[in-house]
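# Structural overview for review
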Amino acid sequence: MKTLIYSAKDFEIPFLEEANKDVHTFKYITDRLTTNTAMMALGFEAISIFSADDASGIVLEKLKDFGVKYITLRSAGHDNINLKVAKRLDIKVANSPGYSPHAVAEQAITLLLALNRKVTLARKQTQNYNFTLDKLIGFDLKDKTVGVIGTGKIGSVIVQILNGFGCRIMAVDPFEKEELKKRFYVSYTHLDNLIEQCVVIILSVPLTSDTFHLIDKSKLDLMQKETLLINVARGAVVHTQDVLEYVDKNRISGYATDVYDKESGVFFYDRSKNKPHDATLDKMLTQDRILLTPHQAFATKEALANIAQTTVENLSSWQQGRHPKNTLLPANQVHVDDH
Ligand code: NAI
């Protein structure tokens, strides 16, 4: 199937080539899908997009006019595509779920440990030959109460790792997992209780209308002063300005995140010579108790190989007249059209 791969990054192309083995015809472009670049899909039956691509209703209408019938997402999250409009236009959509929950969970733990033990500040200090410890005091994770919001594929692995640290684990999820309760003594509770009890809170939920700005002033007010907030979900699951204000005022201890609500068009690019004008981002990069990584949780060899494999499988299913097992249908999603 002739497929245009939007937002293609050099590091993922070898994985896509290896998985494809010339079954489908791939054209790679570095451009993001936007209203302006939709016309590049003219003559392609399928396109592939990633998390920063804009597949809002208006873009989908254009893609339909240009003859696109299939969209395969090289991501698990799908908040950037308007599935209702896709369905109305009869554009089939599938994603790459579960490519490596370990990659993402391990990044969450990396962020937690780095923030708690102030690894980036330690490096900054030691690079200046300052070997003092006054600003580097963290806490043991053992016996601490840690909260996981969203115990799906990624959250479940996070729970497993936290159990290894000897943490007490609380969780919030409308679908409770018996296995997590039995194996890792997870206690499911309601959101406010988790937020009040936990000194570490990890977000691993999809961005939906229910989770948009899930963490705002009203929830930050409930947190303990020592709380570390970790986000490997999507930027808009938190109200970024509110979180920054609470870190600044020492109302919570720190925020470490792999995602940012205004990351689109910034993350995945070298913007060192063309810095974005974004005061919030500037603040996040300079405040020592905020740690930001550039949406890199999926960037492991294993995850990239699995994403590529699933992308090819989705396309092959459509070519053979079947529905891919990862087909996406409209649910209670939130997307670029709404905000
Ligand atoms: P999943 O679908 O397996 O799990 C999501 C869980 O969240 C489900 O158990 C669901 O019931 C729960 N959930 C939904 N709404 C909730 C709410 N309001 N409160 C509490 N729990 C709720 O998805 P998976 O694979 O674990 O991924 C989760 C999200 O992580 C993705 O949707 C994506 O946005 C993000 N992600 C981020 C990556 C990164 O590179 N930083 C990479 C992959 C995913």
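Residues numbered from 1 in each chain as written. Predicted model: local features only at pLDDT ≥ 70, side-chain atom pairs only at ≥ 80, totals over all residues. Heavy atoms only, no water.

As a further point, take the site of the ligand. Lining the immediate environment of the ligand, one finds 24 residues, of which Tyr99, Lys153, Ile154, Asp173 and Asp258 sit closest. Residue arginine 234 places a side-chain N or O atom 3.5 Å away from an oxygen atom belonging to the ligand. Here an oxygen atom of the ligand sits 3.2 Å away from a polar atom, N or O, in the side chain of histidine 295. Here the ligand has 870 Å² of accessible area as a free molecule, and 84% of this is covered by the chains. Placement of the ligand is best described as lying within the largest pocket. For the shell around the ligand, the residue count by class is 13 nonpolar, 7 polar and 4 charged. (Near = heavy atom within 4 Å. Polar contact = N/O pair within 3.5 Å; in protein donor to acceptor, adjacent residues only side chain to side chain. Areas by Shrake-Rupley, 256 points an atom, 1.4 Å probe, with all protein chains shown as cover. 1 Å grid on protein atoms, 1.4 Å probe; cavity = no way out; pocket = protein on both sides within 12 Å on 5 of 7 lines; lining within 4 Å. Sits in = over half its atoms within 2 Å of the grid points. Nonpolar A, V, L, I, M, F, W, Y, C, P; charged D, E, K, R; others polar.)

Turning next to the sheet that holds strand 2 (residues 25-28). On the basis of which strands lie adjacent, the open sheet formed by 5 strands has the order 2-1-3-4-5 and parallel pairing. Both edges of this open sheet fall to strand 2 and strand 5 (92-94), since each of them pairs with a single strand only. Strand-to-strand, the axes of this sheet are offset by a mean angle of 20°, without reference to chain direction. (Pairing = 2+ DSSP bridges. Helix = DSSP H or I, 4+ residues; strand = E, 2+ residues; numbered from the N terminus. Axes fitted to C-alpha atoms, helices over the stretch in contact; angles between N-to-C directions.)

So, about unusual backbone geometry. Positive phi values are uncommon outside glycine, yet aspartate 143 reaches one of about 70°. Mapped onto the elements, aspartate 143 comes out in the loop between helix 5 (119-127) and strand 6 (145-149). Residue tyrosine 185 is not a glycine yet carries a positive backbone phi of 55°. Along the polypeptide, tyrosine 185 turns up in the loop between helix 7 (178-184) and strand 8 (187-188).

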